[in-house]
Structure formats: C-alpha cells, structure tokens
Amino acid sequence: MARPFEDDEDDFNDEAERLTKEIKVTIKDVEESEFYADLCNDIRTSKKFKRYLDHTLGGSHSHVQVVVYALGNIEFSFRSQSQLALIIALTRDFPTWILPEIEVYDPCFSPADKIALKNLGCNVLSIDEHCSRRVERPTLFFMPVANYHSMGDILAANWLPFRINQMIILTNAMANPCMELRVKMFQEFDKYNIDPYLLYLHKKKSEKDDRGPRKFRCKPGPHPKGWIKINFSGRKISERLARFGYVIYNDKKEIVEKMSGRLEEGDEFEANLEALKQALKSLLLHVCLTSSTVKNLLIINGDNLSVIRWINNNGKAPKKMRKSLEEILLLMKNFHCFVYHIYEEANLSAMETVFNIEPTPCPCPSPTIGFNKRNMCSICGSTFCCHISHLLSSFD
C-alpha cells in the first residue's frame, strides 16, 4: 500500500543511512531503559525460562535462530524502530544462545527499510513466507505487531510436537484492527486536496508513533496559516558545557524571537529540553498577556530524536531528565501542539542560535546591559532572559 504524500524522488540510500543512524541511537536508548534491564534480568534469573530454553535446544543445538515477522515499516514508525532495536540488543547481550544473524520480513518494507536492515546486519528475506515457516531447528519468532491471522498461520504450519517444541514466540498484544481503517480514511481525505501538511499533523496527533514522510523532515516544513512554530536545538560543546537555542515564528511566518543559552553542567539532551522549556515559557507569557486563542496552535520542531520520542511518549526518559520533561509536558497543555523530529539541515535556524556567541540583549531596565562572557545578565543573573517586549510587539 502506498504511503500518503510519499515522494517518489526520495534518495533511498540517503534515507537508509539516516535510518541506520536512528536505529543505532534507538538501540542505545533501549539498552539504557529500565524495561530492558528488567527484561534481561528476568531472562538471566528465571529458572522457568532456563528449563524451557534447554528443552527447546534439545541438547543437539546450542543456539536459536531469530526470525522476525510483522515488524512494521521502520521508515515511518518509531515503534517499529524500537522493536527492531530490542531484538538486535537481545542478540548482542545473549550471544551464548542467540545466533547473531536476524532473518526479517514484512511486506510493507520500503526500499530504504531493506537497505537499512542490511546495514544493521539483518538478512531481509526475498520471499513472503506468509508467517508459515516450518521450523527445522530451534527458532525464536519475534512478531511485535502480529495479528490473529499471522499468529494462526505460524502455529498451523508447526502444529506437530517436534516442531512446536523447537519454537519460542516473542510478541506483543495483537495489532489494532482499526489501524487499516485509519489509513484508508487518511487516503480518502487526500482526494479532497486538504493541505497535506495539516493532514499529516492531524494524523500524527492521533498516532504519535508515526515518523512521517521524508519531505517533512529533510527541509523546513510548510508553515500553515494561523499556526505558531518553535524550532529548538541543543549541543554538547565540551566535557561539561552544553549550549541551546530556539527560534519562535508567529502565525505570519515571521521570526519574533531567537534565543541562545548555555548549561555549565549538562549534555545535549538536557540542552534540548532546556531550549524547549524556555521557548514554551516565553510563548505562554505572550498568550496569557494577549488572551489569544488562535495563536494557541503550535508546531514544535526538534532535531534530537530521543527528546522528541520522550515528549511524544514513545520512550521513557532517563531519571535525570524527567523533571524537565514533566515541566515541558505541563507547559504544552496550554497549547494545541504537534511535536515532530526533523533533520539537522531542516533545523538550521535553531542550530545557528545554539552556536551564536554574540551577547544577547536582556529585558532588564537598562539599554546598555546584556549578557556577559558567562552568558549571565549582570542585573538579574539569569542565563536565559527573554525578549518579552520584542515578542509582544512582533506578535501583534
């Protein structure tokens, strides 16, 4: 099934390279998660699982083969990326009983998916087995978004004792049958020439897992009429120092605020969270003072994949990030928000503020006062003063 708004001119190799990098980031996030730590601990300490694994191996084999069905489309789904990262991490952490090569197939794989999977060491099957492989050796079937039909097919193909006894099936809950209906509705809307970008955002709001079309990630996206937009970014500059910045556009597509700051102790994730938090605070002040309603429509763009996932609840942030994340989510409740990941080249406006080393004006009551070399106001001591008067006049 063709994806809505899919660009036929996409450079599949370029997208595959970006996907490969994203999956590597995702593998690291998975490995550092509490869920994965608990899962690995259960596998290592469960006597019941150990007995079942020994029974599956049967004494004549030392490893299980991994076959992945129903993974989903990793080019368009963050959830599919996380599921792939999980099984790759497991093969790395349990090499004593899991073979390193993963065989994988899903009929919805895109060309970029297949290239990225090969880059990650997976063997992409060329033939659709219809989830009906008959096992000849111990096999772990990983089926993260399986439906009743595919699960029934794999069981029916192996409904003999010597086959069933060589199978391990790792899966989530069955797939939501409403998913196909939502995709069909999405395609029907496209027939009526509704703004593709707003339609994409509407879909993304209901399905935060959606990674979206390439054309909305690799260049600055359209700016729909009546919407405010925030671009934010953060970078680690040295072992301790991190810098951050943001740009706010009003509903007339004009830049109304560009701000940069620094964290004396922090990493790029904390810098990104700080940038977005300060941008939302500044924007909220304007909304409160003007009692605006139309300007509560907000698009948020960021280039840090992990941070975007945390905000969209597609992953759990590390403990030290959770306080800042909670503050951001609380501020976001004041807006009708869409938050999505874009590539660095599409976020140049925010990245330029990150590396801006020029003194930044401060709204304190003195026209000659600005930030010093430590980026701190000599009057209020703030490391991140906002251009309140400029913001208010620009939005009017």
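In this text, all values refer to a predicted model and were calculated from it rather than measured experimentally.

Definitions and limits used
- Residues numbered from 1 in each chain as written.
- Predicted model: local features only at pLDDT ≥ 70, side-chain atom pairs only at ≥ 80, totals over all residues.
- Heavy atoms only, no water.
- Core = buried A, V, L, I, M, F, W, Y, C linked by side-chain atoms within 4.5 Å.
- Buried < 20%, exposed > 50% of the residue type's maximum accessible area, 1.4 Å probe, protein only.
- Helix = DSSP H or I, 4+ residues; strand = E, 2+ residues; numbered from the N terminus.
- Pairing = 2+ DSSP bridges.
- Contact = heavy atoms within 4.5 Å.
- Axes fitted to C-alpha atoms, helices over the stretch in contact; angles between N-to-C directions.
- Polar contact = N/O pair within 3.5 Å; in protein donor to acceptor, adjacent residues only side chain to side chain.
- Arc of directions from axis to C-beta.
- Parallel < 35°, antiparallel > 145°, perpendicular 65-115°, else oblique.
- Left-handed = near helix turned anticlockwise from the far one by under 90°.
- Salt bridge = Lys/Arg side-chain N within 4 Å of Asp/Glu carboxyl O.

To continue, consider the nonpolar core. Judged by nonpolar contacts, the single largest core of 37 residues is most densely connected at L84 and I87. At 7 residues, helix 4 (residues 78–93) tops the list of elements feeding residues into this core. Listed in part, the 33 residues of the second largest apolar core include I230, V256, L263 and A271.

Moving on, we get to the sheet that holds strand 2 (residues 98–105). The strand order across the open sheet built from 5 strands is 3-2-1-4-5, with neighbouring strands paired in parallel fashion. The sheet is open, and its two borders are formed by strand 3 (123–124) and strand 5 (167–171), each paired with just one other strand. As paired strands, strand 1 (residues 64–69) and strand 2 are joined by 5 bridges and run parallel to one another. Following the sheet pairing, V66 is matched in strand 2 by I102. The sheet strands contacting helix 3 (residues 47–57) are strand 1 and strand 5, and the helix crosses strand 5 at an angle near 130°.

What the 5 strands build is an open sheet, ordered 8-7-6-9-10; its pairing is mixed. The two strands at the open ends of the sheet, each matched to only one other strand, are strand 8 (255–263) and strand 10 (336–341). For this sheet the average axis-to-axis angle between neighbouring strands, irrespective of direction, equals 15°. Both strand 6 (residues 228–236) and strand 9 (residues 297–302) contribute to a ladder of 5 bridges, which runs parallel. Across the sheet, the residue bridging to F232 is G302, located in strand 9.

Time to look at unusual backbone geometry. Unusually for a residue other than glycine, H130 sits at a positive phi of about 55°. Considering the arrangement of structural elements, one finds H130 in the loop between strand 3 and strand 4 (139–143). Positive phi values are uncommon outside glycine, yet C131 reaches one of about 55°. Checked against the element boundaries, C131 lands in the loop between strand 3 and strand 4.

For the rest of this paragraph, the subject is the side chain of N301. With respect to the helices, strands and loops of the structure, N301 is situated in strand 9. Given the relative accessible area of 2%, N301 is considered buried. Within polar-contact distance, the side chain of N301 engages the side chain of N231 at 3.1 Å. The residues contacting N301, other than those within four sequence positions of it, are K229, I230, N231, F232, Y340, I342 and N347.

Right, let's get into the side chain of N231. Within the secondary structure layout, N231 lies in strand 6. For N231, a relative accessible area of 4% puts it in the buried group. Contact partners of N231, with chain neighbours within four places excluded, come to G245, Y246, V247, Y249, N301, I342, A346, N347, S349 and A350.

Turning our eyes to something else, we now look at helix 5 (residues 111–119). Residues of helix 5 that are buried include every one of A112, D113, A116 and L117, and no others. Burial along helix 5 is one-sided: seen end-on, the buried residues are contained in an arc of 130°. Looking at the buried positions of helix 5, the neighbouring elements they touch are helix 1 (12–31), helix 4, strand 2 and strand 3.

This part is about the environment of R322. Considering the arrangement of structural elements, one finds R322 in helix 12 (residues 319–332). In this structure R322 comes out as partly exposed when scored by relative accessible area, which is 23%. Along the chain, R322 and L273 lie 49 residues apart, while their C-alpha atoms are 9.9 Å from each other.

Across the interface, helix 1 lies against helix 5 with an axial gap of 8 Å and an inter-helix angle of 50°. The pairing of helix 1 with helix 5 is recorded here as oblique in orientation. For the pair helix 1 and helix 5, the sense of crossing is right-handed. In this structure, helix 1 contributes F12, N13, E15, A16, L19 and T20 to the contact, and helix 5 contributes P111, A112, D113, I115, A116 and N119.

Once that is clear, we can look at the pattern of salt bridges. Counted by the stated rule, this structure contains 18 salt bridges. When the shortest N-O distance is used, the salt bridge between K21 and E17 registers 3.9 Å. In this pair, K21 and E17 both sit in helix 1, 4 residues apart, roughly one turn of the helix. A relative accessible area of 53% means that K21 is categorised as exposed. D267 serves as the salt-bridge partner of K320, at 3.4 Å between the closest nitrogen and oxygen. Residue K320 is located in helix 12, and its partner D267 is located in the loop between strand 8 and helix 10 (268–290); the two are separated by 53 residues in the primary sequence. Taking relative accessible area as the criterion, D267 reaches 16% and is therefore assigned buried. What emerges from the salt-bridge pattern is a single network uniting D14, R18 and E345.

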